[in-house]
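# Observations on the three-dimensional arrangement
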Amino acid sequence: MEQTATETPQNTFSCQLCGLSTSYTYYGQKPPNTRAIVLLEECFVTKDPFSPDKEKFLVLGSACSLCNMCVCVGPDCSLFYTKRFCMQCVNKHLDQFPHQIRAELAKKKQSSKSGVS
Ligand SMILES: [Zn+2]
Ligand SMILES: [Zn+2]
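Quick summary incoming for the structure in this document. (Residues numbered from 1 in each chain as written. Chains lettered and ligands numbered in written order. Predicted model: local features only at pLDDT ≥ 70, side-chain atom pairs only at ≥ 80, totals over all residues.)

## What about the environment of Pro32?
Convention followed: Elements are defined by DSSP. Helices are runs of H or I of four residues or more, strands are runs of E of two residues or more, and each kind is numbered from the N terminus. Burial is judged by counting the other C-beta atoms within 10 Å of a residue's own C-beta: 20 or more makes it buried, 12 or fewer makes it exposed, and any count in between marks it as partly exposed, with every C-beta position built from the backbone.
With respect to the helices and strands, Pro32 occurs in the loop between strand 3 (26-28) and strand 4 (43-47). Under the C-beta neighbour-count criterion, Pro32 is labelled exposed, with 11 such atoms within 10 Å. The spacing of Pro32 and Glu55 is 23 residues in sequence and 8.5 Å in space, taken between C-alpha atoms.

## Concerning the nonpolar core
This is how the line gets drawn: Think of a nonpolar core as buried Ala, Val, Leu, Ile, Met, Phe, Trp, Tyr and Cys residues chained together by C-beta atoms that fall within 7 Å. By the convention adopted here, residues are in contact when the distance between their C-beta atoms, placed from the backbone, does not exceed 7 Å.
Within the largest apolar cluster, 17 residues are counted, with the highest numbers of intra-cluster contacts made by Phe44, Val45, Leu60, Val71 and Cys86. Sequence-distant contacts of Phe44, defined by excluding residues within four places in its chain, comprise Phe13, Tyr24, Tyr27, Leu60, Gly61 and Ser62.

## A few points about the sheet that holds strand 5 (residues 57-63)
Quick reminder of the rule: Two strands qualify as a pair provided that DSSP identifies no fewer than 2 bridges between them. For helices, the fitted line uses only the C-alpha atoms of the stretch in contact; every axis is such a line through C-alpha atoms, and the angle between N-to-C directions lies from 0 to 180 degrees.
Taken in spatial order, the four strands line up as 3-4-5-6 in an open sheet, and their pairing is antiparallel. Strands with a single pairing partner mark the edges of an open sheet, and in this sheet they are strand 3 and strand 6 (70-72). Recorded for the sheet is a direction-independent mean angle of 30° between the axes of neighbouring strands. The pairing of strand 5 with strand 6 spans three bridges and is classified as antiparallel. Considered in strand 6, the bridge of Gly61 is made with Cys72.

This is how it looks when you write it as structure tokens:
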């Protein structure tokens with residue numbers, strides 16, 4: 001990871017697996033201006049640009065609990081099972097996940113081949 005000294009005017013979240021890059025408005029577990037929402041994990045959130053409702057927000061992604069890599073919430077990039085795991089760690093530690101999770105991942109792999117967008 002390289003960091004340049006130049007300051008970015010906006011906070012940018014970028015997924016280190018798929019390269020998705022977008023600005024975020026908040027990082028943490030409790031987005032501001034939301035009523036009593038506490039997220040299950042610290043994550044990058046942004047206001048929903050398509051919603052006039054100020055309380056609507058989108059979860060962009062968060063850091064993998066094992067390797068700390070920033071990954072988006074896309075099913076190809078990360079998995080949430082009590083904590084956030086990037087797909088690299090999931091694959092590395094697949095045998096430590098319960099059978100149910102492994103079965104779900106296998107299903108996902110099959111369905112992604114048929115090009116679901
Ligand atoms: Zn991603
Ligand atoms: Zn990881």
